[in-house]
Amino acid sequence: MLELKKTTLQQITQSIQKQFSSYRELDFSNCIQMPIFQLNYFISQAIEKHKVISINYKDVYNNEFVATGFISRNKNNKNIFKIDSLGSNLSHLLNINQIKYIKLTKN
(Lines give C-alpha, C1' and ligand atoms only; values in the text may rest on other atoms or scores of the structure.)
Protein backbone atom coordinates (compact mmCIF):
# COMPACT_ATOMS: atom_id res chain seq x y z
CA MET A 1 0.00 0.00 0.00
CA LEU A 2 2.83 2.37 0.86
CA GLU A 3 4.56 1.63 -2.46
CA LEU A 4 1.32 2.30 -4.34
CA LYS A 5 1.00 5.72 -2.69
CA LYS A 6 4.64 6.47 -3.45
CA THR A 7 4.22 5.48 -7.10
CA THR A 8 1.05 7.57 -7.42
CA LEU A 9 2.82 10.57 -5.88
CA GLN A 10 5.71 10.13 -8.31
CA GLN A 11 3.29 10.02 -11.26
CA ILE A 12 1.56 13.18 -10.10
CA THR A 13 4.90 14.93 -9.59
CA GLN A 14 6.11 13.92 -13.06
CA SER A 15 2.86 15.08 -14.63
CA ILE A 16 3.09 18.50 -12.97
CA GLN A 17 6.75 18.90 -13.96
CA LYS A 18 5.88 18.01 -17.57
CA GLN A 19 3.13 20.65 -17.63
CA PHE A 20 5.44 23.36 -16.26
CA SER A 21 8.18 22.55 -18.76
CA SER A 22 5.69 22.82 -21.64
CA TYR A 23 4.64 26.30 -20.42
CA ARG A 24 8.24 27.53 -20.61
CA GLU A 25 8.59 26.50 -24.26
CA LEU A 26 6.12 29.07 -25.58
CA ASP A 27 7.51 31.36 -28.26
CA PHE A 28 6.12 34.85 -28.82
CA SER A 29 8.88 36.08 -31.14
CA ASN A 30 6.74 36.42 -34.28
CA CYS A 31 3.45 37.50 -32.67
CA ILE A 32 2.00 40.89 -33.56
CA GLN A 33 0.00 43.24 -31.34
CA MET A 34 -3.56 41.96 -30.85
CA PRO A 35 -6.40 44.52 -31.05
CA ILE A 36 -7.91 45.65 -27.74
CA PHE A 37 -11.33 44.12 -28.47
CA GLN A 38 -9.70 40.75 -29.15
CA LEU A 39 -7.60 40.95 -25.97
CA ASN A 40 -10.73 41.73 -23.93
CA TYR A 41 -12.60 38.83 -25.50
CA PHE A 42 -9.79 36.32 -24.93
CA ILE A 43 -9.27 37.48 -21.34
CA SER A 44 -13.01 37.26 -20.60
CA GLN A 45 -13.09 33.70 -21.97
CA ALA A 46 -10.00 32.72 -19.94
CA ILE A 47 -11.55 34.09 -16.74
CA GLU A 48 -14.96 32.53 -17.41
CA LYS A 49 -13.55 29.10 -18.28
CA HIS A 50 -10.68 29.28 -15.74
CA LYS A 51 -8.01 28.51 -18.34
CA VAL A 52 -4.25 28.81 -18.05
CA ILE A 53 -2.93 31.41 -20.48
CA SER A 54 0.39 32.93 -21.46
CA ILE A 55 0.57 36.66 -21.92
CA ASN A 56 3.26 38.57 -23.74
CA TYR A 57 3.38 42.08 -22.26
CA LYS A 58 5.55 45.20 -22.29
CA ASP A 59 6.82 47.32 -19.43
CA VAL A 60 7.15 51.12 -19.51
CA TYR A 61 10.53 50.80 -21.29
CA ASN A 62 9.09 48.52 -24.02
CA ASN A 63 10.89 45.44 -22.68
CA GLU A 64 8.82 42.33 -23.41
CA PHE A 65 8.01 39.66 -20.84
CA VAL A 66 5.92 36.49 -20.71
CA ALA A 67 3.70 35.45 -17.82
CA THR A 68 1.84 32.13 -17.66
CA GLY A 69 -0.97 31.45 -15.22
CA PHE A 70 -4.54 32.26 -14.29
CA ILE A 71 -5.83 35.76 -14.95
CA SER A 72 -8.37 37.86 -13.07
CA ARG A 73 -9.89 41.28 -13.70
CA ASN A 74 -9.90 44.20 -11.26
CA LYS A 75 -13.43 44.81 -9.97
CA ASN A 76 -13.06 48.61 -9.92
CA ASN A 77 -11.20 49.07 -13.21
CA LYS A 78 -11.97 46.74 -16.12
CA ASN A 79 -8.66 47.57 -17.84
CA ILE A 80 -6.44 46.24 -15.05
CA PHE A 81 -5.64 42.53 -14.71
CA LYS A 82 -3.71 40.27 -12.39
CA ILE A 83 -2.04 37.11 -13.60
CA ASP A 84 -0.78 34.63 -11.00
CA SER A 85 2.22 32.81 -12.46
CA LEU A 86 2.37 29.06 -12.32
CA GLY A 87 5.46 27.57 -10.71
CA SER A 88 6.30 30.69 -8.74
CA ASN A 89 4.67 32.91 -6.17
CA LEU A 90 4.71 35.86 -8.53
CA SER A 91 1.73 37.98 -9.55
CA HIS A 92 1.77 40.46 -12.41
CA LEU A 93 -0.45 43.55 -12.47
CA LEU A 94 -1.12 44.62 -16.03
CA ASN A 95 -2.99 47.35 -17.83
CA ILE A 96 -4.75 46.30 -21.04
CA ASN A 97 -2.44 48.64 -23.00
CA GLN A 98 0.63 46.69 -21.85
CA ILE A 99 -0.61 43.35 -23.21
CA LYS A 100 0.68 42.47 -26.66
CA TYR A 101 -0.48 38.90 -27.22
CA ILE A 102 -2.31 36.07 -25.45
CA LYS A 103 -2.04 32.32 -26.00
CA LEU A 104 -4.00 29.48 -24.48
CA THR A 105 -1.48 27.05 -22.99
CA LYS A 106 -1.48 23.35 -23.69
CA ASN A 107 -2.92 21.16 -20.94
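As the structure is a prediction and not an experimental result, all values here were calculated from the model.

(A) Region of the structure containing helix H2 (residues 36–49). For H2, built from 14 residues, the straight-helix expectation of 20 Å at 1.5 Å per residue is met to within 8% by its first-to-last C-alpha distance of 20 Å. Those residues of H2 that fall on the buried side of the exposure criterion are Leu39, Ile43 and Ala46. Projection of H2 onto a plane perpendicular to its axis shows the buried side chains occupying an angular sector of 60 degrees, all on one side. Set apart from the buried face of H2 by more than 90 degrees, the exposed residues are Phe37, Tyr41, Glu48 and Lys49. Residues of H2 that are buried in the fold lie against strand S1 (53–58), strand S2 (64–73), strand S3 (80–85) and strand S5 (99–104).

(B) View of the confidence of the model for the protein. Counting all residues, the mean pLDDT for the protein is 82, and 75% of those residues have values of 70 or more. Looking over the protein, one finds the lowest element-wise mean pLDDT in helix H1 (residues 2–24), namely 59, and the highest in H2, namely 94.

(C) Up close: the packing of aromatic side chains. Tallied over the full model, the rule gives two aromatic pairs. Between tyrosine 41 and phenylalanine 42, the ring centres sit 6.3 Å apart and the planes meet at 70 degrees, which makes this aromatic pair edge-to-face. You can call phenylalanine 42 partly exposed: its relative accessible area is 34%.

(D) Up close: the sheet that holds S1. Spatial ordering of the open sheet is given by S4-S3-S2-S1-S5, a layout of five strands whose pairing is antiparallel. At either margin of the open sheet sits one strand with a lone partner, and together these are strand S4 (91–95) and S5. Neighbour to neighbour, the strand axes of the sheet diverge by 40 degrees on average, direction disregarded. In this structure, S1 lies alongside S2, joined through six bridges in antiparallel fashion. Paired with tyrosine 57 across the two strands is phenylalanine 65, which belongs to S2.

(E) Quick look at the pattern of salt bridges. On inspection of all chains with the given rule, the structure shows two salt bridges. A salt bridge links lysine 100 to glutamate 64, with the nearest nitrogen and oxygen atoms 3.1 Å apart. Within this pair, whereas lysine 100 is found in strand S5, its partner glutamate 64 is found in strand S2, the two being separated by 36 residues in sequence. Of the charged contacts, one joins lysine 82 and aspartate 84 as a salt bridge, the two residues approaching to 3.7 Å between their closest N and O atoms. Overall, aspartate 84 belongs to the partly exposed group, its relative accessible area being 30%.

(F) How the structure looks around the side chain of serine 54. Take serine 54: it is sitting in strand S1. Among the residues examined, serine 54 registers a relative accessible area of 0% and is labelled buried.

(G) Quick peek at the nonpolar core. Core analysis: the largest hydrophobic core is formed by 15 residues, its most contacted members being Ile43, Ile53, Ile55, Ile71, Ile83, Ile99 and Ile102. Not counting residues within four places of it along the chain, the set of residues in contact with isoleucine 53 comprises Ala46, Ala67, Thr68, Gly69, Ile71, Ile83, Ile102, Lys103, Leu104 and Thr105.

What counts, and at which threshold
Residues numbered from 1 in each chain as written. Predicted model: local features only at pLDDT ≥ 70, side-chain atom pairs only at ≥ 80, totals over all residues. Heavy atoms only, no water. Helix = DSSP H or I, 4+ residues; strand = E, 2+ residues; numbered from the N terminus. Expected span 1.5 Å × (residues − 1). Buried < 20%, exposed > 50% of the residue type's maximum accessible area, 1.4 Å probe, protein only. Arc of directions from axis to C-beta. Contact = heavy atoms within 4.5 Å. pLDDT = per-residue confidence, 0-100. Phe/Tyr/Trp six-rings, centres within 6.5 Å; stacked < 30°, edge-to-face > 60°. Pairing = 2+ DSSP bridges. Axes fitted to C-alpha atoms, helices over the stretch in contact; angles between N-to-C directions. Salt bridge = Lys/Arg side-chain N within 4 Å of Asp/Glu carboxyl O. Core = buried A, V, L, I, M, F, W, Y, C linked by side-chain atoms within 4.5 Å.

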